[in-house]
Amino acid sequence: MTLRRPHSSLRWRCALAFWIFVPLLLMGWILIRDVVPGGQLAVTCWGTPRCLALRGPVPESRVVLSRSTGSGQTVVQLIGEPVYFDVYQSRPFRTAEVRLTLHPGDAQVIEMGVAAETGGTPTLQPLYHRALEQIAENPEWSLIADGAVMLWQRGSTTYPTVSAFMQQPPDPYRVAAYRTTVTLPFAPQPLLPGGPGPAVDYILTGYRVTGSTGWRDLTVTFTLTPEQSAASTLRFVLSIPERPLPAIAPQLSAFTVRLQGELLNVRVLRGWMSRWFRPNAR
């Protein structure tokens, strides 16, 4: 019985097919990952400063890695501020949704913003406000809401709706505001981290009380400006605007950014190609 060797031409054709199709598949995978034809890109970081397509939290001198005694999961302690997460934006997107698991520690206020890494002032949104959480447990205060606008009020004179408050607002010294888009005919005083003063009976805010203690799952959505959408890197800012910093540092155990944009089209491809083939400066 004689064993026959595979025909040399067959082995040559298999090798040729391998070296042609494997690089093509690899290039296709890279192209799909970079162009994101579905319009959604998720970048996840679970308690580690080394994540794919994400750099952070930085600077490293402001964070400490530790292990939670409850779940055994690695968490990031925020011992300085601000702390940044830089996310590579492969092509233009419209919105950025951030989901994070946060323990406020002793912090009074924690906020988050987004900006292009090359510059710009981030518009901060509230993540945690201890005074508003405590007000929610105080029976002297009541809440009425209209969409994203929250109105906390106390005293004998209360309003049935937010629109009624807007039509006939009280004296300015009785109104405080915190992170709200409502436009008033007067400038309300800012809500202090420690809470409202004795003269304040109304608080306008966009902060939604969670009512939970300890760890909390939070979601905040940013509408990207044209400058941010055109940037190759988005910088997410975690801020603790109080001095001195809290003795018990806030902790972070999960950080996910979900970028949402248009489906693949000619304009998206043009924006993606401009990242790689920039015109020569004259």
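Enquirer: Give me the overall build of the protein chain: which residues, what numbers.
Expert: Each helix and strand in the protein chain was counted, giving 5 helices and 17 strands. Here the protein chain holds 282 residues, and the buried ones make up 41% of them. Partitioning the contacts of the protein chain with sequence separation of at least 6, the portion at a separation of at least 24 is 72%.

Enquirer: Lay out the nonpolar core in plain terms, naming residues and giving numbers.
Expert: Counting residues in each nonpolar core, the largest one holds 43 residues, and the members touching the most others are Val98, Leu100, Met112, Phe236, Leu238 and Phe255. Apart from residues no more than four positions distant in its own chain, valine 98 is found in contact with Met112, Leu218, Thr219, Val220, Phe222, Phe236, Phe255, Thr256 and Val257. Formed by 11 residues, the second largest nonpolar core is a distinct cluster that contains Ile144, Val175, Tyr202 and Leu204.

Enquirer: Requested: an account of the pattern of salt bridges, with residues and values cited.
Expert: Counted under the stated rule, the structure contains 8 salt bridges. Between glutamate 111 and arginine 179 there is a salt bridge, with its nearest N and O atoms 2.9 Å apart. One end of the pair, glutamate 111, is in strand 8 (residues 109-116); the other, arginine 179, is in the loop between strand 12 (175-178) and strand 13 (189-190), and 68 residues separate them in sequence. For arginine 179, a relative accessible area of 39% corresponds to the partly exposed category. Salt-bridge contacts for aspartate 201 lead to arginine 174; the nearest nitrogen and oxygen are separated by 3.1 Å. Taken together, the positions of aspartate 201 in the loop between strand 13 and strand 14 (202-205) and arginine 174 in the loop between helix 3 (162-167) and strand 12 put the pair 27 residues apart, joining distant regions of the chain. Note on aspartate 201: relative accessible area 15%, which makes it buried. It is possible to trace a salt-bridge network through shared partners that takes in Arg55, Asp86 and Arg235.

Enquirer: Describe the pairing of strand 7 (residues 95-103), and please don't skip the residues or the numbers.
Expert: The sheet contact formed by strand 7 and strand 15 (residues 216-223) spans 8 bridges and is antiparallel. Bridging from a neighbouring strand, threonine 101 pairs with aspartate 217 of strand 15. By the bridge criterion, 9 bridges tie strand 7 to strand 17 (residues 251-260) in an arrangement that is antiparallel. In the strand pairing of strand 17, threonine 95 is matched with glutamine 260.

Enquirer: Lay out the packing of aromatic side chains in plain terms, naming residues and giving numbers.
Expert: If you walk through the whole model with that rule in mind, you get 6 aromatic pairs. Seen from their ring centres, tyrosine 159 and tyrosine 202 are 5.6 Å apart, and the 65 degrees between their planes marks the pair as edge-to-face. Of this pair, tyrosine 159 sits in the loop between strand 11 (149-153) and helix 3 while tyrosine 202 sits in strand 14, placing them 43 residues apart in sequence. Classification of tyrosine 202 by relative accessible area gives buried; the value is 0%. An aromatic cluster of at least three residues, connected via ring pairs, comprises Phe85, Phe222, Phe236 and Phe255.

Enquirer: Kindly report on the environment of proline 126, identifying the contributing residues and their values.
Expert: Structurally, proline 126 can be placed in strand 9 (residues 125-129). Not counting chain neighbours up to four residues away, the residues in contact with proline 126 comprise Ile110, Glu111, Tyr178, Arg179 and Tyr207.

Here is what the cut-offs are and how they apply
- Residues numbered from 1 in each chain as written.
- Predicted model: local features only at pLDDT ≥ 70, side-chain atom pairs only at ≥ 80, totals over all residues.
- Heavy atoms only, no water.
- Helix = DSSP H or I, 4+ residues; strand = E, 2+ residues; numbered from the N terminus.
- Buried < 20%, exposed > 50% of the residue type's maximum accessible area, 1.4 Å probe, protein only.
- Contact = heavy atoms within 4.5 Å.
- Core = buried A, V, L, I, M, F, W, Y, C linked by side-chain atoms within 4.5 Å.
- Salt bridge = Lys/Arg side-chain N within 4 Å of Asp/Glu carboxyl O.
- Pairing = 2+ DSSP bridges.
- Phe/Tyr/Trp six-rings, centres within 6.5 Å; stacked < 30°, edge-to-face > 60°.

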